[in-house]
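Given next are the chains, with one letter for each unit.
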Amino acid sequence: MRALTKADPVLGRHIKRHGTFVLTIRRGRTPFTLLAHAVINQQLSNKAAATSEARLIAALGGTCTPETVLAAEFDVLRGAGLSRAKATTLQDLAAKTRD
């Protein structure tokens, strides 16, 4: 936190005022699933995003992991309702997560 405070005094004042941020991951979620969720939800209504995410999970056999995303054909991701950009982003995220 010292490095952040020194590099960005405004952020430093907020850290001092509010404390450090702690990310709590709900049971059953992983950093990958949280990032995948964020990608899917970008620029969509909550209902449309929930529908796309449910379709994606079903298309991946019930679980969204780096392995299931990488094993899926690109057309499967697109068929679940993901745009070309989101499908590409998920594949890239999955590959980088696995490495």
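Treat the numbers as computed from the prediction; the structure is a model and nothing was measured. (Residues numbered from 1 in each chain as written. Predicted model: local features only at pLDDT ≥ 70, side-chain atom pairs only at ≥ 80, totals over all residues. Heavy atoms only, no water.)

Here we look at the side chain of threonine 68
Next, step 1: Among the structural elements, threonine 68 can be located in helix H5 (residues 66-71).
Next, step 2: Residue classification places threonine 68 among the buried residues on the basis of a relative accessible area of 18%.
Next, step 3: Looking at threonine 68, its side chain comes within polar contact range of the main-chain nitrogen of threonine 65, at 2.9 Å. (Helix = DSSP H or I, 4+ residues; strand = E, 2+ residues; numbered from the N terminus. Buried < 20%, exposed > 50% of the residue type's maximum accessible area, 1.4 Å probe, protein only. Polar contact = N/O pair within 3.5 Å; in protein donor to acceptor, adjacent residues only side chain to side chain.)

Section: a nonpolar patch on the surface
Next, step 1: Residues Met1, Leu4 and Leu11 make up a contiguous nonpolar surface patch of roughly 270 Å² in combined accessible area.
Next, step 2: Examined against the element boundaries, methionine 1 turns out to sit in the segment before helix H1 (2-7).
Next, step 3: Residue classification places methionine 1 among the exposed positions, given a relative accessible area of 53%. (Patch = residues over 30% accessible without salt bridge, like charges linked within 9 Å, V, L, I, M, F, W, Y side chains within 5 Å. Areas by Shrake-Rupley, 256 points an atom, 1.4 Å probe, with all protein chains shown as cover. Salt bridge = Lys/Arg side-chain N within 4 Å of Asp/Glu carboxyl O.)

Comments concerning helix H7 (residues 84-98)
Next, step 1: Taking 1.5 Å of rise per residue, the 15 residues of H7 would be expected to cover 21 Å, and the 21 Å separating its terminal C-alpha atoms lies within 8% of that figure.
Next, step 2: Contact partners of the buried residues in H7: helix H3 (31-41), helix H4 (46-59), H5 and helix H6 (74-79). (Expected span 1.5 Å × (residues − 1). Contact = heavy atoms within 4.5 Å.)

Some details on the packing of H3 against H7
Next, step 1: Interhelical geometry of H3 versus H7 gives an angle of 165 degrees and a closest axis separation of 10 Å. Taken together, the axis directions place H3 and H7 in an arrangement best described as roughly antiparallel. Once H3 is placed against H7, the crossing between them reads as right-handed. Contacts between H3 and H7 involve Phe32, Leu35, Ala36, Val39 and Ile40 from the former and Lys86, Thr89, Leu90, Leu93, Ala94 and Thr97 from the latter.
Next, step 2: Taken together, the residues that form the contact of H3 with H7 break down as eight nonpolar, two polar and one charged. (Axes fitted to C-alpha atoms, helices over the stretch in contact; angles between N-to-C directions. Parallel < 35°, antiparallel > 145°, perpendicular 65-115°, else oblique. Left-handed = near helix turned anticlockwise from the far one by under 90°. Nonpolar A, V, L, I, M, F, W, Y, C, P; charged D, E, K, R; others polar.)

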